[in-house]
Amino acid sequence: MSEISLAIRKTIFEKFNNADERFTNDEVFAELQKSGKIDSALTIDDMEQHFTELCDAGVMRNIAQNFTTQWFKLFDPLEQIKCNSCHAEIPINKSEEKNCPISSCNASI
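First, a word on what this report is: a plain description of the structure on this page. (Residues numbered from 1 in each chain as written. Predicted model: local features only at pLDDT ≥ 70, side-chain atom pairs only at ≥ 80, totals over all residues. Heavy atoms only, no water.)

A short note on helix H1 (residues 3–15)
Reasoning step 1: With 13 residues, H1 ought to run about 18 Å at 1.5 Å a step, and its terminal C-alpha atoms sit 18 Å apart, in line with that.
Reasoning step 2: All buried positions along H1 are accounted for by Ser5, Leu6, Ala7, Ile8, Arg9, Thr11 and Ile12. (Helix = DSSP H or I, 4+ residues; strand = E, 2+ residues; numbered from the N terminus. Expected span 1.5 Å × (residues − 1). Buried < 20%, exposed > 50% of the residue type's maximum accessible area, 1.4 Å probe, protein only.)

This is the structure in structure tokens:
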């Protein structure tokens, strides 16, 4: 998992962690910019692959789209899990494989 995808995942956990509510890629992108978690040169178009990665992982699903704005819903709320190997705290949902998504670690959680 890329650092950007992990930052998106953490932002969703902190700000949009409700499976009954919807949120947009624009809202997540604005939070990432505000917190300085991503390079200021990145645009919303640069982020599409990272949102797709989280959909492919089963974290969330795309429920609508209008030009570059995408609306998402979580399948399940994310839970903060600590990796016993690298000690990183990673938000994952209950249906995901319990493997550390950090590429340099990838240990079972």
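Notes on the environment of Glu14
Reasoning step 1: Along the polypeptide, Glu14 turns up in helix H1.
Reasoning step 2: Taking the C-alpha atoms as reference points, Glu14 and Pro91, 77 residues apart in sequence, are found 9.3 Å from one another.

Some words on the side chain of His50
Reasoning step 1: With respect to the helices, strands and loops of the structure, His50 is situated in helix H3 (residues 48–56).
Reasoning step 2: The exposure class of His50 is buried, given its relative accessible area of 6%.
Reasoning step 3: Excluding residues that lie within four positions of it along the chain, His50 makes contacts with Ser2, Ile4, Ser5 and Ile8. (Contact = heavy atoms within 4.5 Å.)

Brief notes about the side chain of Arg9
Reasoning step 1: Relative to the helices and strands, Arg9 resides in helix H1.
Reasoning step 2: At 2.9 Å, the side chain of Arg9 forms a polar contact with the backbone oxygen of Pro91. (Polar contact = N/O pair within 3.5 Å; in protein donor to acceptor, adjacent residues only side chain to side chain.)

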